[in-house]
Amino acid sequence: MTRRTPEGEPDAPVPPESARTNYAGAVYGSLLAASVVAGAGTLGSPFPRIELVVLLLATGVVFWATHVYAHLVGESMAHRALTRTEISRVCAAERPILVAAVPPAAAVAISPLLGLEFAGTAWLALGVAVAEQVGWASAVLVRAGTPLHRVVAAGVVNLLLGLVIVVVKAVLQH
């Protein structure tokens, strides 16, 4: 199967379903993680790093489960049988949403080794989430054989989306 560009020209071949990575889920999960970090500027526990790690991972799990549930409800509404195989396939397909929370959570976990206070920790996690978002968005286009100018444009758009979250975080801290 070959996709076509809006101009009708052939684009890169579409990989079979089993070979696809849910890049949209990875970009979405990265943006979600960045949002969690931006909104977690003043955590109330005496252990804010632990709280932020738990918040990042728990939010990833909740949104992953929500996407799985929504997909499965959609499948059942289409009168498709929900077998264990189908449920496992959907869980795996949506896994990038969950996995995207791990790098920012890991950045928070290692931040004491870097000598960072909590504010620096939050900025590090936010930077990791934004970099991850740009990386995933660029990776899907590179994998599809997209011309470099489109990869760069997509990277810039994703960077701008991430910067909106950075601005929100900066405003919330003042």
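Residues numbered from 1 in each chain as written. Predicted model: local features only at pLDDT ≥ 70, side-chain atom pairs only at ≥ 80, totals over all residues. Heavy atoms only, no water.

Caption draft 1: The overall build of the protein, seen in detail. Of regular secondary structure, the protein possesses seven helices and two strands. Here the protein, with 174 residues, has 34% of them falling under the buried criterion. Long-range contacts, defined as pairs at least 24 residues apart, comprise 68% of the intrachain contacts of the protein with a sequence gap of at least 6. For the protein, the exposed area adds up to about 10,100 Å²; of that, 70% sits on carbon and sulfur atoms. (Helix = DSSP H or I, 4+ residues; strand = E, 2+ residues; numbered from the N terminus. Buried < 20%, exposed > 50% of the residue type's maximum accessible area, 1.4 Å probe, protein only. Contact = heavy atoms within 4.5 Å. Areas by Shrake-Rupley, 256 points an atom, 1.4 Å probe, with all protein chains shown as cover.)

Caption draft 2: How the structure looks around the packing of helix α1 (residues 23–39) against helix α6 (residues 118–143). Look at α1 against α6: their axes get within 8 Å of each other, and the N-to-C directions meet at 165 degrees. By the criterion of interaxial angle, the relationship of α1 to α6 is roughly antiparallel. The two elements α1 and α6 cross, and the hand of that crossing is left-handed. Of α6, the residues touching α1 (which contributes Tyr 23, Ala 26, Val 27, Ser 30, Leu 31, Ala 33, Ala 34 and Val 37) are Ala 122, Ala 125, Leu 126, Ala 129, Val 130, Glu 132, Gln 133, Trp 136, Ala 137, Ala 139, Val 140 and Arg 143. Taken together, the residues that form the contact of α1 with α6 break down as 16 nonpolar, two polar and two charged. (Axes fitted to C-alpha atoms, helices over the stretch in contact; angles between N-to-C directions. Parallel < 35°, antiparallel > 145°, perpendicular 65-115°, else oblique. Left-handed = near helix turned anticlockwise from the far one by under 90°. Nonpolar A, V, L, I, M, F, W, Y, C, P; charged D, E, K, R; others polar.)

Caption draft 3: Structural context of helix α5 (residues 102–110). Of the positions making up α5, those classed as buried are Pro 104, Ala 105, Ala 107 and Val 108. Across the axial projection of α5, the buried residues extend over an arc of 155 degrees, all falling on one side. (Arc of directions from axis to C-beta.)

Caption draft 4: Structural context of a nonpolar patch on the surface. Where nonpolar side chains cluster on the molecular surface, the patch consists of Leu 148, Val 152, Val 156, Leu 159, Leu 160 and Leu 163 and spans about 540 Å² of accessible area. Within the secondary structure, Leu 160 is located in helix α7 (residues 148–173). (Patch = residues over 30% accessible without salt bridge, like charges linked within 9 Å, V, L, I, M, F, W, Y side chains within 5 Å. Salt bridge = Lys/Arg side-chain N within 4 Å of Asp/Glu carboxyl O.)

Caption draft 5: Layout of the environment of Trp 123. When you line up the elements, Trp 123 lands in helix α6. Classification of Trp 123 by relative accessible area gives partly exposed; the value is 32%. When the C-alpha atoms of Trp 123 and Ala 107 are compared, they prove to be 9.8 Å apart, with 16 residues separating the residues in sequence.

Caption draft 6: Expanded view of the nonpolar core. Ala 34, Val 37, Leu 52, Leu 56, Val 108, Leu 126 and Ile 165 are the most contacted members of the largest nonpolar core, which totals 18 residues. For this core, the secondary structure elements donating two or more residues are α1, α2 (48–77), α5 and α6. In terms of residues, this core owes the most to one element, α6, which gives six residues. When near neighbours in sequence (up to four residues on either side) are disregarded, Val 37 contacts Leu 52, Leu 56, Ala 122, Ala 125, Leu 126 and Lys 169. (Core = buried A, V, L, I, M, F, W, Y, C linked by side-chain atoms within 4.5 Å.)

Keep in mind these values describe shape, not function.
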